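Structural characterization, general
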Amino acid sequence: MIRQEFSRIDPKRRGILDHRKKQFATPAFQNVEYKHRLNFYITPPTADITLEQFEQWAIDRLRVLAELEACSFRNKSPAETAAHMKPILDRYLPLSSSTSGSATLQHERQKDHYSHFILRLAFASTEDLRRRFSRVETMLFRIRFQVDDLRERQAFVETLNLDWEPVGDDERREFAEELRAAGGGYPKRIEDESYFKVDWERVPELVENRRVFLKAGHAYVPGREQLSMVVAEFTGKMDKALELTSRALPRLDEDDRLSPILTHLSQNFTTPDAKYSTTSTSLPGADISARNIDALSASFPLCMQNLHRSLRRDAHLKHYGRLQYTLFLKGIGLNLEECLVFWRSSFSKFTDDVFNKEYRYNVRHAYGDVGGDSNRRGNGCSPFSCQKILTEHPPGPGEAHGCPYRHFSIDNLTNLLQQVGVKDQEVLRGVKEDKEKQKFHLACNRVFEYAHKQEIKKVRDEGTWGAAQLETIVHPNEYFKRSYLLKNLGRNPAVENGGDVKMEG
Amino acid sequence: MPHSAPEISLTDGLDIVIDHDIDCDGAPDAVGALSEPTHENTLDHDMITEDTEDTQEKQVEGAVKVEAKPEVKLEDLFADVESDEEFPSSNHQNIKISSSPEAPSSPAQAGGDARASDNDVMRSFYQRLFPWRYLFQWLNHSPTPSTDFGHREFAFTLQNDAYLRYQSFPTAETLRKDVLRLMPSRFEIGPVYTTNPRDRKTLRKSSAFKPLAKELCFDIDLTDYDDIRTCCDKANICIKCWQFITMAIKVIDIALRDDFGFKHIVWIYSGRRGAHAWVCDKKARQMDDQKRRAIAGYLEVIKGGAQGGKKVNVKRPLHSHVARSLDILKTHFQSDILQDQDPWETDEKFDRLLELLPDRSLNDALRKKWSSAPGRASTSKWADIDVLAKSGASKNLDSKALLEAKQDILLEYTYPRLDIEVSKHLNHLLKSPFVVHPRTGRVCVPINPMKLGEFDPLDVPTVTDLLQEIDEWTAPEDDNGEKTVQDWEKTRLKPYVEYFKSFVQALMKDEKPVKVKRERDENVAGAMEF
């Protein structure tokens, strides 16, 4: 690109600068002055920084982002996340408001600006990293936008030049009722709020939740929803920029100063559920076979017990139920042949022919036995984590997958718990409270602790299990593994030891 | 729906069918494809029947063959090649043939108990009835072939249930030929890709092969209503439960038009127990997954699985979309649900209703009343709620909460239940319009939303009906043979094809590139004046 511009210089002026001088002259970039606390990160940084700064700033930002991601995995509400993040932000990535008169104002903003672009380089390489980076950066932007000073925020938004068409008084009065209904009864008097009319595609988030009035493809966005529009704009721009960055990345290949730092950075940004791997869960000595699943199911978490019960009741499961259950079974160490035997015998109402045609393929696909190159190489999908089960594909009519703590009504949940033997009123009450607070992990762990009360006490007292082995469960397979090991503590010392060694590793 | 199943290679049984193409030594391919089915079939009958059909049927076919042979004249074979019609008509200049007793009857009759999946029936259908031209124009958005069609994925389900993905065709004629070669029991339509789907493996980077555009689709299936429909279950339907689909179409159609501003929406009967919507506006086709998800979320009101308890949780005051839907659904609720479905007839069933009502003492009063009158109709039970509420069965009754609960119940029993995954993803495949449902033999015809009330799924013609209708058709008296009558015009498929045609034409009209006014010329003219 630079070369192109060079060649476009007016031919009459071409000779003024000696090309040797031109080549080594420092490019005269305008020094960026940060007028606003918030930044859309449109212009890349141009000034020099030291390598130490480069690394330090990036690590600081990474800490913030990793923490943010952890919050979303723990299902924290936006308010909780903001509260949790505040000290971390103040420590690693402070940003003062323009009115604070802080001496380090420009420095803080520069660090924010530069660290963003460094991480952009580090996380542009793969689709997965890009998506995660864009997600957490959006979260960060949203938090900052919300706490920003009202006037400064307005000034910032105005600089963005978003073309929003204001809704006139007449139109506003005409649709007063619809507008108020879309706002959940807000505002009391329609005159209290100003509205913008934009193409609905620019506010998909609001449309999805029916929080705007739609007419002929236009969304009528109330002024207070500005946040989600600005955020959508931010995400959109960043996704595009990340895409461009990834294409430019190969040019960095030759560089031996930055590349190692960048690789290192991106490797440290791992998801919690990526920690789970099938090899670490193998349970030596355990009889994991199709005919033994019924017995093993006592150690399954509630989601899987529910699937198992539905399967036994109906002799059928719908697609996502099968997927969730198959992957879980794969995760506990059931091999493909046994898994096929299991499904074949479970779908007792179907003929061999129907089973082979309709279901066999999907089971094999889940094991990576068939399918595209990447599927086979990766041995199929990995077993679903709680995070995935909680957030993706909520069950529809007639479907049994998902997380009972989240997707069941409280009555049905209590019922199911009682059926699997959780009868203690206090535990049930606790689960109900957890559910109301949307702490589904807590509910599940509460039930786990109740079901393994004695065993947990024993390993605690004896000190055979460290704290790390008793931390919150965030994966159904982890639930099974721990449950199985605890249940078989006395019976099979070999298993216990084997499991212990594995866990330390 | 095998949307996620990757390719499966052709299996043995198929090779015979493929071979026939090569074995048709003398006759050029085009002739084979365009000529009368019975004539052309003579060649490959032996091959297919030898392998799959029982001998008795073979004999019947053999008899037809003998009768049919004398009819093959060279000019007959080539008569159709000259006209560029995609819809071969049984030669109108020789109408006698179709009425004379020794006429080559369509395989529907020849086979006697012919099933829809029979090769000959399907071949005749694809050759004589399937509206290839309009399908092509629909996906291509202009009469001249473009990448909109050429890079579009088709997926075939073959008769041995093998599933062939990533097929693509430059023109309608090549698609038609391949369909006739492979005789899929049905085929599905996927997205338009960045490059030709057939070339995807030759690309340097696999990431360069991406879906670009596809119609926004909706899938409504009556099996999703199994917990509230009482008349039928599983794959069975009747006109009573079809009303669920009718309601769904009304609600979704108006939302897509009024709220999102889409214009080109076509509803297709899925051949058995549901309907598909294809939103074909350019803007809809180009939406990414996030936007599709947004629309799906906007339209989704019924949430939660079998154990989810209350399925409708809408905010108050009601969003204009929900309020409008409620208005539309009210009358249906009275007639189609309370009367026809009678969902709370028995004791176990009305418990479900009571679960959804908020006031405990009112519930007790209702339970008492209903238990003493077993079999009381749902209409009366529904009315009882208000009667007892007014009579003061509960002292501290929250009438607002009751009203809202009643609205929620109404929605739960009437609001469309969408198979939302179909709508959310750009690269989801959906069965093509006008293919034949392999089980029922019914053609997936478009449903005209203007005449929604008249649509009866059990009245939709099956492929064997249609073939028979061609044979039974006689030219009107005043016909002087000037105008070619196409085969589909002789059947009950006619109104459906005509509706689809008008839909496609309206779509093409909107897609036509706007002619740029020659401003320069005007300017020049203006300049000349000075």
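Computed from a predicted model, the values in this text were never measured in an experiment.

Describing the overall build of chain B
- Counting secondary structure elements, chain B contains 23 helices and nine strands.
- Taken across its 530 residues, chain B has 53% of its residues classed as buried.
- The contacts in chain B between residues at least 6 apart in sequence include a share of 71% that link residues at least 24 apart.
- Within the structure as shown, chain B displays about 24200 Å² of accessible surface, and the carbon and sulfur contribution to it stands at 50%.

Points about the overall build of chain A
- Secondary structure summary: chain A contains 27 helices and four strands in total.
- Within the span of chain A, comprising 505 residues, buried residues form 47% of the whole.
- Relative to all contacts within chain A whose residues are 6 or more apart in sequence, the contacts with residues 24 or more apart total 67%.
- Surface accessibility of chain A: about 27100 Å² in total, with carbon and sulfur atoms responsible for 49%.

Focus: the packing of helix α3 (residues 51–73) of chain A against helix α5 (residues 105–122) of chain A
All names here are of chain A.
- Contact geometry of α3 with α5 gives a least axis separation of 8 Å together with a crossing angle of 80°. Compared by their axis directions, α3 and α5 come out roughly perpendicular. Each of F54, W57, A58, D60, R61, L62 and L65 in α3 lies in contact with α5, whose residues at this interface are H107, Q110, K111, D112, Y114, S115, H116, I118 and L119.

Topic: the sheet that holds strand β5 (residues 216–221) of chain B
Residue and element names in this part refer to chain B.
- The antiparallel open sheet is built from four strands, whose spatial order is β5-β7-β6-β9. Taken across any chain shown, the strands that pair with only one partner, and hence form the sheet edges, are β5 and β9 (446–447).
- Where β5 and strand β7 (residues 274–279) come together, six bridges link them in antiparallel fashion. Each residue of the ladder has a partner; that of C217, found in β7, is W278.
- Docked against the sheet, helix α12 (residues 239–259) engages β5, β6 (265–269), β7 and β9, running at close to 165° with respect to β6.

Quick word on the UniProt feature "binding site: [4Fe-4S] cluster" (unreviewed entry) in chain A
All names here are of chain A.
- Within the UniProt annotation, "binding site: [4Fe-4S] cluster" (unreviewed entry) is assigned to C303, C386, C403 and C444. These annotated residues cover 142 residues of sequence, and their C-alpha atoms lie no more than 10.1 Å from one another, placing them together at a single site.
- Mapped onto the secondary structure, C303 falls in helix α14 (residues 302–314).
- Residue classification places C303 among the buried positions, given a relative accessible area of 10%.

So, the pairing of β6 of chain B
Residue and element names in this part refer to chain B.
- Of all the five residues making up β6, five are buried; the element is thus mostly covered by neighbouring parts of the structure.
- Side-chain alternation along β6 places I265, W267 and Y269 on one buried face and V266 and I268 on a second face that is also buried.
- Where β6 lies against β7, five bridges are found, and the strand directions are antiparallel. Of the residues in β7, the one forming a bridge with V266 is W278.

Some points on helix α7 (residues 150–159) of chain A
Residue and element names in this part refer to chain A.
- Where α7 is concerned, the buried positions are E152, R153, F156 and V157. The buried residues of α7 occupy an angular sector of 135° when projected down its axis, which confines them to one face. Exposed and facing more than 90 degrees away from the buried side of α7 are L150, R151 and E158.
- Elements in contact with the buried residues of α7: α6 (127–147) and α11 (226–248).
- Two to three positions downstream of the cap, the backbone nitrogen of R151 sits 3.2 Å from a side-chain oxygen, assigning the N-cap of α7 to D149.
- N161 sits one or two residues past α7 and shows a positive phi near 55°.

So, the interface of chain B and chain A
- Contact residues are listed per partner, giving 38 residues for chain B and 38 residues for chain A.
- Across the chain B to chain A interface the summed buried area is about 3000 Å²; carbon plus sulfur atoms make up 55%.
- Remark: the boundary between chain B and chain A carries three salt bridges.
- K291 of chain B is paired through a salt bridge with E201 of chain A; the nearest N and O atoms lie 3.9 Å apart.
- Broken down by secondary-structure element, the contributors of at least two residues to the side of chain B that touches chain A are α12, α14 (289–299) and α15 (320–341) of chain B.

With respect to the nonpolar core
- Ranked by size, the top nonpolar core spans 181 residues in total, and within it W138 and L256 of chain B carry the most contacts.
- In terms of residue count, α12 of chain B provides more of this core than any other element does, eleven residues in total.
- Listed in part, the 60 residues of the second largest apolar core include L329, L390, W465 and Y484 of chain A.

A look at the pattern of salt bridges
- On inspection of all chains with the given rule, the structure shows 62 salt bridges over all chains.
- Where R313 of chain A meets D314 of chain A, a salt bridge forms, and the shortest distance between an N and an O atom there is 3.1 Å.
- Taking relative accessible area as the criterion, R313 of chain A reaches 57% and is therefore assigned exposed.
- Judged by its relative accessible area of 32%, D314 of chain A falls in the partly exposed class.
- The residue E412 of chain B makes a salt bridge to R352 of chain B at a minimum N-O spacing of 2.6 Å. With E412 of chain B in helix α19 (residues 399–414) and R352 of chain B in helix α16 (residues 347–356), this residue pair connects regions lying 60 residues apart in the sequence.

With respect to the packing of aromatic side chains
- The final tally for this structure, using the stated rule, is 61 aromatic pairs over all chains.
- Look at W138 of chain B and F500 of chain B: their rings are 5.7 Å apart centre to centre, the planes differ by 70°, and that puts the pair in the edge-to-face class. One end of the pair, W138 of chain B, is in helix α9 (residues 132–140); the other, F500 of chain B, is in helix α22 (residues 494–511), with 362 residues separating them in the sequence.
- Since its relative accessible area comes to 0%, W138 of chain B is described here as buried.
- Positioned above the aromatic ring of Y367 of chain A is the side chain of K330 of chain A, whose terminal nitrogen or guanidinium carbon lies 5.9 Å from the ring centre.
- The aromatic ring of F169 of chain B is capped on one face by R198 of chain B, whose charged end is 5.1 Å from the ring centroid.

Focus: the sheet that holds strand β4 (residues 218–222) of chain A
Residue and element names in this part refer to chain A.
- Here we have four strands laid out as an open sheet, ordered β1-β2-β4-β3, and antiparallel in their pairing. Looking at which strands have only one partner, the edges of the open sheet turn out to be β1 (165–166) and β3 (213–215).
- Here strand β2 (residues 195–199) runs beside β4; their pairing, made up of five bridges, is antiparallel. Across the sheet, the residue bridging to Y195 is P222, located in β4.

What about the environment of K291 of chain B?
- The residue K291 of chain B is located in helix α14 in this model.
- Along the sequence, K291 of chain B and L426 of chain B sit 135 residues apart, while their C-alpha atoms lie 10.0 Å from each other.
- Those residues within four positions of K291 of chain B in sequence are excluded, and the remaining contacts are W200 and E201 of chain A.

Quick word on the side chain of E511 of chain B
Residues and elements named next belong to chain B.
- As for its placement among the helices and strands, E511 is situated in helix α22.
- A polar contact is formed between the side chain of E511 and the side chain of R285, at a distance of 3.1 Å.
- Leaving out residues up to four positions away in the same chain, E511 has contacts with H141, C280, K282 and R285.

A short note on helix α26 (residues 476–487) of chain A
- Its twelve residues place the ends of α26 of chain A 16 Å apart at the C-alpha level, agreeing with the 16 Å of an ideal helix rising 1.5 Å per residue.
- Most of α26 of chain A sits inside the fold, with eleven of its twelve residues counted as buried.

A short note on the environment of D364 of chain B
Residues and elements named next belong to chain B.
- Along the chain, D364 falls in helix α17 (residues 360–372).
- Overall, D364 belongs to the partly exposed group, its relative accessible area being 43%.
- Separated by ten residues in the primary sequence, D364 and L354 place their C-alpha atoms 9.0 Å from one another.

What about unusual backbone geometry?
- R316 of chain B connects to P317 of chain B through a cis peptide bond whose omega is -10°.
- One can find P317 of chain B in the loop between α14 and α15.
- Although it is not a glycine, Y41 of chain A adopts a positive phi angle of roughly 55°.
- With respect to the helices and strands, the residue Y41 of chain A is situated in the loop between α2 (19–24) and α3.
- Overall, the relative accessible area of 5% leaves Y41 of chain A in the buried class.
- Of note, the phi angle at A315 of chain A is positive, near 55°, even though the residue is not glycine.
- Here A315 of chain A is to be found in the loop between α14 and α15 (319–332).

Calculation rules
- Residues numbered from 1 in each chain as written.
- Chains lettered and ligands numbered in written order.
- Predicted model: local features only at pLDDT ≥ 70, side-chain atom pairs only at ≥ 80, totals over all residues.
- Heavy atoms only, no water.
- Helix = DSSP H or I, 4+ residues; strand = E, 2+ residues; numbered from the N terminus.
- Buried < 20%, exposed > 50% of the residue type's maximum accessible area, 1.4 Å probe, protein only.
- Contact = heavy atoms within 4.5 Å.
- Areas by Shrake-Rupley, 256 points an atom, 1.4 Å probe, with all protein chains shown as cover.
- Axes fitted to C-alpha atoms, helices over the stretch in contact; angles between N-to-C directions.
- Parallel < 35°, antiparallel > 145°, perpendicular 65-115°, else oblique.
- Pairing = 2+ DSSP bridges.
- UniProt positions renumbered as here; feature names shortened; annotations may be inferred.
- Arc of directions from axis to C-beta.
- Polar contact = N/O pair within 3.5 Å; in protein donor to acceptor, adjacent residues only side chain to side chain.
- Buried area = accessible area lost by both parts, 1.4 Å probe.
- Salt bridge = Lys/Arg side-chain N within 4 Å of Asp/Glu carboxyl O.
- Core = buried A, V, L, I, M, F, W, Y, C linked by side-chain atoms within 4.5 Å.
- Phe/Tyr/Trp six-rings, centres within 6.5 Å; stacked < 30°, edge-to-face > 60°.
- Lys NZ or Arg CZ within 6 Å of the ring centre and 35° of its normal.
- Expected span 1.5 Å × (residues − 1).

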